[in-house]
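A look at the structure
Okay, here's what each chain looks like letter by letter:
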Amino acid sequence: MNPRLEGKCLSMPVVTSGLTHGLSIFADMFCDAGDVLLLPDMMWGNYRMIFATRRGAELRHYPFFSPEGELNITAFREALFALKDRPKALVLLNFPHNPTGYTPCPGEASALVEALVDAAEVGANIVACVDDAYTGLFYEEDIFNESLFSLLAGAHPRIASIKIDGPTKEDYVWGFRVGFITFSLAESEGREEVYGVLEKKVGGLIRGTISKSSMPAQSLLVHAMKTAGYREEKDEKFVLLKDRYDEVKTVLSGYDYADAFRAYPFNSGYFMCLRLLRTDAELLRRHLLDEYGVGVIAMGDRDIRIAFSCIEKEQIKDLFDILYTGVKDLDKNFEKTGRK
Ligand SMILES: Cc1ncc(COP(=O)(O)O)c(C=O)c1O
């Protein structure tokens, strides 16, 4: 799955109670009140709870996409360099990305890592956390189909990288509560001892909060993974999601919704996002729920997240038609009442 990790020296992966728990361990270990955590403007909302509400971090955002609709590596780079004089720079990267469903192409992945290495080179002390919740769900050929951790591991003496992963989404076991946290440091004398200390700290945090991670869930998973047909079943589920992804692409390319919304780039994961041209996202969300029983997530003023992963292929065209009708309904309301 991550051939570039071959031969790299990593800590032992420690089992956590799902990915959120791993992320909150990362937060408890590295994130103090007032620290800046760099995140894209489009992000999984729970990061706010984990890092800002719980730990008092300042979440600093850079635009995920450029106005041209490309991954905004320039903005990432600038935001990173602005942190170079702070005692530490915390960064969180998540691909396939929630909410947009975007994964970089190989060139973009290298450019992201290059930005981190260049910032470390001019003095930034970086702790880069990679959230691999949706890893493996890559639907196109030309994308970087490995964890960014593969490129980051050992990349620079001033970069500590952390990988958070687990079967929740990868193996479709949402309620199991199993995850892993793994560290990587650049080669140095004493690196093994530092790994030992980090592993013990994680152990202490687990002991002092949830005591231990669920054994039955781990045993069930190991058993499932050793069972004949596991790989085939997993591939089947992948094909199911890819079919839904392909259908979204087909519907968006075949029908004209361009006067109401446009899609942000997407190529992986569970989700995709739409940019509404004039409609208020929260108003549309409520309208779709009240009038059509359709649930979407509103983000900011103009963005809507769609979980194509959980919609039957046959219903995808209907969904986009309903979204379009919803926009038109609100246009009419506006014409009638002058209110949005
Ligand atoms: C980006 C991302 N990270 C982490 C998680 C949480 O995973 P878990 O349910 O294992 O805590 C999610 C779940 O929605 C997610 O979207």
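Only a predicted model underlies this, so the values are computations on that prediction, with no experimental measurement involved.

How each quantity is defined
- Residues numbered from 1 in each chain as written.
- Predicted model: local features only at pLDDT ≥ 70, side-chain atom pairs only at ≥ 80, totals over all residues.
- Heavy atoms only, no water.
- Domains from an automatic or database assignment.
- Contact = heavy atoms within 4.5 Å.
- Buried area = accessible area lost by both parts, 1.4 Å probe.
- Salt bridge = Lys/Arg side-chain N within 4 Å of Asp/Glu carboxyl O.
- Polar contact = N/O pair within 3.5 Å; in protein donor to acceptor, adjacent residues only side chain to side chain.
- Helix = DSSP H or I, 4+ residues; strand = E, 2+ residues; numbered from the N terminus.
- Buried < 20%, exposed > 50% of the residue type's maximum accessible area, 1.4 Å probe, protein only.
- 1 Å grid on protein atoms, 1.4 Å probe; cavity = no way out; pocket = protein on both sides within 12 Å on 5 of 7 lines; lining within 4 Å.
- Points joined across faces, edges and corners; volume = space filled by probe spheres on them.
- Nonpolar A, V, L, I, M, F, W, Y, C, P; charged D, E, K, R; others polar.
- Axes fitted to C-alpha atoms, helices over the stretch in contact; angles between N-to-C directions.
- Parallel < 35°, antiparallel > 145°, perpendicular 65-115°, else oblique.
- Left-handed = near helix turned anticlockwise from the far one by under 90°.

**A few points about the domain arrangement of the protein chain**
For the protein chain, the assigned domains are domain 1 (3–221) and domain 2 (230–337). Using C-alpha coordinates to define each centre, domain 1 is positioned 28 Å away from domain 2. Taken residue by residue, the interface counts 22 residues in domain 1 and 21 residues in domain 2. With both sides pooled, the region where domain 1 packs onto domain 2 buries about 2000 Å², and carbon together with sulfur makes up 61% of that total. Its largest share of buried area at the contact with domain 2, domain 1 owes to Pro99, Tyr139 and Tyr172, together 35% of the area lost on that side. Taken together, the links from domain 1 to domain 2 amount to one salt bridge. Measuring nitrogen to oxygen at the nearest pair gives 3.5 Å for the salt bridge that ties Asp171 to Lys234. Run the count over domain 1 and domain 2 and you get 12 residue pairs in polar contact (both at pLDDT 80 or more).

**Brief notes about the side chain of Asp165**
By secondary structure assignment, the location of Asp165 is in strand S6 (residues 159–165). A relative accessible area of 14% places Asp165 in the buried class. Engagement of the side chain of Asp165 in a polar contact is seen with the side chain of Lys163, the distance being 3.1 Å. Excluding residues within four positions of it along the chain, Asp165 makes contact with Leu19, Asp132, Glu170, Gly179 and Phe180.

**As for the layout of surface pockets**
Its volume calculated, the largest pocket comes out at about 420 Å³. Surrounding the largest pocket, 21 residues form its lining, Asp171, Tyr172, Val173, Glu233 and Lys237 being those nearest its centre. Sort the elements by how many residues they give to the lining of the largest pocket and helix H9 (residues 230–254) lands first, with seven residues. Here the residues of the lining of the largest pocket sort into 13 nonpolar, three polar and five charged. Each pocket or cavity is described by its volume, and for the second largest pocket that value is around 280 Å³. Among the elements of the structure, S6, helix H6 (167–170), helix H8 (215–226) and H9 are those that each provide at least two residues to the lining of the second largest pocket. It is H8 that provides the largest number of residues to the lining of the second largest pocket, a total of four residues. Counted by class, the lining of the second largest pocket contains eight nonpolar, four polar and five charged residues.

**A closer look at the packing of helix H1 (residues 19–30) against helix H2 (residues 46–53)**
In a pair of packed helices, the angle between the axes and the distance between the axes together describe the arrangement. Contact geometry of H1 with H2 gives a least axis separation of 9 Å together with a crossing angle of 30 degrees. Relative to H2, H1 is oriented roughly parallel. With respect to the hand of their crossing, H1 and H2 are arranged in right-handed fashion. Along its contact with H1, which presents Thr20, Leu23, Ser24, Phe26 and Ala27, the element H2 presents Asn46, Tyr47, Ile50 and Phe51. Within the contact of H1 with H2, the residues separate by chemical class into six nonpolar, three polar and no charged.

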